[in-house]
Amino acid sequence: GVALRKPRSILVAAALLSVALSGCGLTVSTFSINDAAYKAMWTRDWGAINGDARAFAPSKGSPGSCNTGGTKIGCYDASVKVADDLQTLVNDLKTTSTPSQYTTASATFDRAANLDIAGLKLRAQSLTAAESTSPQDNAMFAKGQADIHQASPEFSMAYSAFPSYDQPLPRPFPAGYSG
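What this report covers is the structure whose coordinates are included nearby.

Calculation notes
Sequence positions are assigned chain by chain, starting from 1 and proceeding in written order. Per-residue local features of the predicted model are confined to residues with pLDDT of at least 70, and side-chain atom pairs are confined, for both listing and counting, to 80 or more; whole-chain, interface and lining totals are unaffected and use all residues. Water and hydrogen atoms were dropped before computing side-chain values, which therefore reflect all heavy atoms in the structure. Pairing of aromatic side chains here covers Phe, Tyr and the six-membered ring of Trp, requires ring centres within 6.5 Å, and sorts the geometry by plane angle: under 30 degrees stacked, over 60 edge-to-face, intermediate tilted. Counting from the N terminus, the helices are DSSP H or I runs at least four residues long and the strands are E runs at least two residues long. Type-normalised accessible area, obtained with a 1.4 Å probe on protein chains alone, sets the label of each residue: buried when under 20%, exposed when over 50%, and partly exposed for intermediate values. Any two residues having at least one pair of non-hydrogen atoms within 4.5 Å are treated as being in contact. When two cysteine sulfur atoms lie within 2.5 Å, the pair is treated as a disulfide.

### With respect to the packing of aromatic side chains
What the rule picks out here adds up to 14 aromatic pairs. Residues Tyr-159 and Phe-162 carry aromatic rings whose centres are separated by 5.9 Å and whose planes lie at 65° to one another, so their mutual orientation is edge-to-face. A network of ring pairs unites the aromatic residues Tyr-38, Trp-42, Trp-46, Tyr-102, Phe-109, Phe-155, Tyr-159, Phe-162 and Phe-173 as a single cluster.

### A short note on the side chain of Asp-166
Note on placement: Asp-166 falls in the segment after helix H5 (135-161). Residue Asp-166 is classed as buried on the basis of its relative accessible area of 11%. Those residues in contact with Asp-166, other than ones at most four positions away along the chain, are Asp-35, Lys-39, Gln-101 and Tyr-102.

### Structural notes on the state of the cysteines
Going through the model one piece at a time under the given rule, you end up with one disulfide. Between the sulfur atoms of Cys-66 and its disulfide mate Cys-75 the distance is 2.1 Å. The chirality of the disulfide connecting Cys-66 with Cys-75 is right-handed, given an S-S dihedral of about 105°. You can call Cys-66 buried: its relative accessible area is 19%. On the basis of relative accessible area, Cys-75 is assigned to the buried category, the value being 4%.

Listed below in structure tokens is the structure:
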């Protein structure tokens with residue numbers, strides 16, 4: 001003989017009806033993750049960071065503040081501003097809860113930001129000596145540059161760790177210059 005198959009929806013409906021009639025309750029929960037505060041801080045603070053980081057990028061009128069042809073004071077000012085802006089973002093994000101879907105991205109971002117902040121500050125500190133040729137200043141500058149260059153791919157990894165359907169905007173350093 002041919003066995004009759006009941007469609008799944010009928011079986012599910014029958015099971016739910018059976019639970020309801022037996023006096024057992026059935027609760028269906030929905031939840032949403034509140035990422036509005038995190039995203040608002042991200043958007044506000046990255047606006048300042050990306051604005052100040054434009055000084056690093058070459059343009060028609062400038063080779064970029066820290067590139068060959070840039071000035072020590074321009075490089076110093078941009079480095080300090082971006083380091084301070086990044087520190088503000090790190091501090092601000094600590095004041096809100098990190099949505100669970102952002103945990104990995106946020107941890108990677110913290111590492112990148114702290115590395116970039118350290119590099120930017122080292123580079124700025126090395127530029128404070130007037131026309132110094134001290135090996136210590138050169139070593140500090142080189143270490144700062146190395147930290148900055150190491151942080152750059154970390155920022156990319158952090159941003160790509162955000163869920164593609166829920167990435168905060170703007171993207172870090174859209175011009176590609178983190179320092």
